[in-house]
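Chains, contacts and geometry: an overview
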Amino acid sequence: MDRPTGLGSAVPSMRRPFVLLLLLALALLTAARAVGADGETVVDLEEKTLSLKERRALPYMRIAVGAGRDLKVEGLSRPVRFREEEDGLRAGRTLIRDGETFEVFRDDDGVRSFAILKGDVGRGDPSWWAMPLHARAGKIGREAVYVLDHDGDGTFLTPHRDLIVRRRGGEIFPVAEHVVLDREVYRMTYDEAKGRIAWRLVTKEYATPDVFPNWTGVARGLARLNEVRAGLNLPPVGLDRDASRRALLHLRYCSINGGNPHVEEPDKRGYTEEGAEAGINSIGWMGGGEGVATVIEGHLASLLHRMDLIDPRKTAIGVATGSNRVWIHTECGEMRPFEGQGPSIFPATSWPVGVYAVDNPDPRPKGERQATGIPVTIAWFGMDEGVSKVRAELRSTSGKVDCLKNDADGRDLKTNAPQARAVLMARSPLTSGWYQLRATWLQRGEPKELVYKFRIGK
């Protein structure tokens, strides 16, 4: 075999390609990353346009479009307006069918690519959806990630609006000062103009035992909540450390005085002003030492407490755990704009158990205290969606399901969530299998309808 030239005779011929690749990789890594004096690692983000198949492999995050739902793209003086036709959406002279991609040319000659999808994409709304295909690729720690332009405005690093997603799928995180990846915490800074992020591992200083006695459980619980929110096509929430600290103060008050009250009494031991504030603005759980992820699933299977966890406007929560109690501080951080996005439906396309996790207070009529089905909710979270006369029904393969319900035809349940415009709670637990939700409503006088299927059981 002829010996390649260029590296010197001391390198065996079979190892030279490997050495060349190694040197090239080190050069690329050095170019992409620079470690600052404070331990920050700077990563240049590579701009990419994903294929529809690649984008589908990532968690849901899609923008409702169609007649009356324009696509607003930053850098474009006028939004993209659509007209619905039988076989697709028409934008100007262009007809875009389900599963096809299209480009939006911005005023600055920039291009943004989208795909159009129709039907069930996680919320059951039968209208059309645009999926941004542009992304930025980089790394946080050892984890390869995409940064996604969630709201389609042409920027990628808008705090609490754009998203960080693992390239291998699964977990999603809001672009925020701190990112919780697995059980590690990274402090993040961003430079949109240069297309780069800088991160520094800060787990030890962030997840201190005085605020997070059970850090592993908190991290797993946050990941589980964001997994559920992604399945509902809702943006993720981050973790607010200060809100978690306040929730822990309230948890300790409850541990000292017994029970799981929301209100702290100033003359009792353990009272603090911050803990009292957290108690009023939190949802609590007391049990046999369940993990935070299990507690979150329990709250989601309830009715009164669910709405705080699936509110798409929320950007962060605080979590405190200990003494067989979990408190989740839900009223913290800034609120995310959320207009014209259509209904948020729970459960997602699948949920493991069909039993209602009873709230305290119990919203059911006094005569209904036996086990009932997990509540099915249809909610609008925009400020003024113009929605009225919502009616809903639930069917299984055996026919119509007998439900306690709140909709335009009556109110069987006492709820404190005005966003939940329709609630269906089967009078007996939902067994494993497929169910179909049908809803009709008026939106600014125009009739709307959706048919949505979900499965109970794994």
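Residues numbered from 1 in each chain as written. Predicted model: local features only at pLDDT ≥ 70, side-chain atom pairs only at ≥ 80, totals over all residues. Heavy atoms only, no water.

What follows deals with the overall build of the protein chain. Within the protein chain, the regular secondary structure consists of eight helices and 31 strands. The buried share of the protein chain, taken over its 458 residues, is 51%. For the protein chain, the proportion of contacts with a sequence separation of at least 24, taken over those separated by at least 6, is 59%. Only carbon and sulfur atoms are counted for the fraction: they give 50% of the accessible area of the protein chain, which is about 21600 Å². (Helix = DSSP H or I, 4+ residues; strand = E, 2+ residues; numbered from the N terminus. Buried < 20%, exposed > 50% of the residue type's maximum accessible area, 1.4 Å probe, protein only. Contact = heavy atoms within 4.5 Å. Areas by Shrake-Rupley, 256 points an atom, 1.4 Å probe, with all protein chains shown as cover.)

Counting 67 residues, the largest nonpolar core has Trp215, Leu239, Leu394, Leu430 and Leu437 as its most contacted members. Ignoring any residue separated from it by four or fewer positions in sequence, one finds Trp215 in contact with Val180, Arg183, Val185, Thr203, Tyr206, Ala207 and Leu239. (Core = buried A, V, L, I, M, F, W, Y, C linked by side-chain atoms within 4.5 Å.)

This paragraph deals with the confidence of the model for the protein chain. Mean pLDDT over the protein chain works out to 86, with 88% of the residues at or above the 70 mark. Confidence drops under a pLDDT of 50 for residues 1-15, and excluding neighbours within four residues, the segment shows 13 contacts in the predicted structure. In the model, residues 27-32 has pLDDT below 50 throughout and makes four contacts with residues more than four positions away in sequence or in other chains. (pLDDT = per-residue confidence, 0-100.)

Look at the link from Phe346 to Pro347: it is a cis peptide, with omega at 5°. Structurally, the position occupied by Pro347 is in the loop between strand 22 (344-346) and strand 23 (350-351). Across the junction of Asn360 and Pro361, the peptide omega takes the value 10°, indicating a cis bond. Following the sequence through the fold, Pro361 ends up in the loop between strand 23 and strand 24 (376-379). Not every positive phi belongs to a glycine, and Asn233 is a case in point at roughly 60°. For Asn233, the location among the structural elements is in the loop between helix 4 (215-231) and strand 18 (238-239). Asn233 gets classed as buried once you look at its relative accessible area, which sits at 3%.

Moving on, we come to the pairing of strand 30 (residues 433-443). Two faces make up the sheet, and in a regular strand the side chains alternate between them. Here strand 25 (residues 387-396) runs beside strand 30; their pairing, made up of eight bridges, is antiparallel. Considered in strand 30, the bridge of Val387 is made with Gln443. Sheet topology note: the strand 30/strand 31 (residues 446-456) ladder contains eleven bridges and is antiparallel. When the sheet's bridge partners are listed, Trp434 is paired in strand 31 with Arg455. Joining the antiparallel neighbours strand 30 and strand 31 is a turn of two residues, in which Arg444 adopts a positive phi near 50°. (Pairing = 2+ DSSP bridges.)

On to the sheet that holds strand 21 (residues 325-329). Two strands in a sheet stick together by hydrogen bonds in their backbones, pointing the same way (parallel) or opposite ways (antiparallel). Strand order in the open sheet formed by four strands is 18-20-21-19, with mixed pairing between adjacent strands. Both outer strands of the open sheet, strand 18 and strand 19 (282-286), are each paired with one neighbouring strand and no more. In the sheet, strand 20 (residues 316-322) pairs with strand 21 via five bridges, with the strands oriented antiparallel. Pairing of Ala320 across the sheet is with Trp327, part of strand 21.

Summarising the element assignment, Arg325 is placed in strand 21. With a relative accessible area of 10%, Arg325 lands in the buried category. At a separation of 3.0 Å, a polar atom in the side chain of Arg325 contacts the main-chain carbonyl oxygen of Gly259. Once residues lying within four places of it in the same chain are set aside, the contact partners of Arg325 are Leu251, Cys254, Ser255, Gly258, Gly259, Asn260, Trp285, Met286 and Ala320. (Polar contact = N/O pair within 3.5 Å; in protein donor to acceptor, adjacent residues only side chain to side chain.)

Taking strand neighbours across the sheet as the criterion, the four strands line up as 4-10-9-8 in an open arrangement whose pairing is antiparallel. Only two strands of the sheet have a single partner each, and these edge strands are strand 4 (63-65) and strand 8 (101-105). Within the sheet, the average angular offset between the axes of one strand and its neighbour, ignoring direction, is 40°. With three bridges joining them, strand 4 and strand 10 (residues 128-132) adopt antiparallel strand pairing. Bridge pairing in strand 10 places Ile63 opposite Ala130. (Axes fitted to C-alpha atoms, helices over the stretch in contact; angles between N-to-C directions.)

Turning our eyes to something else, we now look at the pairing of strand 9 (residues 111-118). Burial of strand 9 is extensive: six of the eight residues sit out of reach of the surface. Bridge count between strand 8 and strand 9: five bridges; the pairing is antiparallel. Paired with Glu103 across the strands is Ser113, a residue of strand 9. Connecting strand 8 to the antiparallel partner strand 9 that follows it, the hairpin turn spans five residues, and Asp109 within it adopts a positive phi of roughly 75°. Note that strand 9 and strand 10 share five bridges and pair antiparallel. Counted as the bridge partner of Ile116 is Ala130 from strand 10.

So, on to the packing of helix 4 against helix 7 (residues 292-300). Helix 7 packs onto helix 4 with a crossing angle of 35° between their chain directions and a minimal axis gap of 7 Å. On helix 7, the residues that touch Gly217, Val218, Arg220, Gly221, Arg224, Leu225 and Val228 of helix 4 are Val292, Ala293, Ile296, Glu297 and Leu300. For the contact of helix 4 with helix 7, a count of residues per class yields seven nonpolar, two polar and three charged. (Nonpolar A, V, L, I, M, F, W, Y, C, P; charged D, E, K, R; others polar.)

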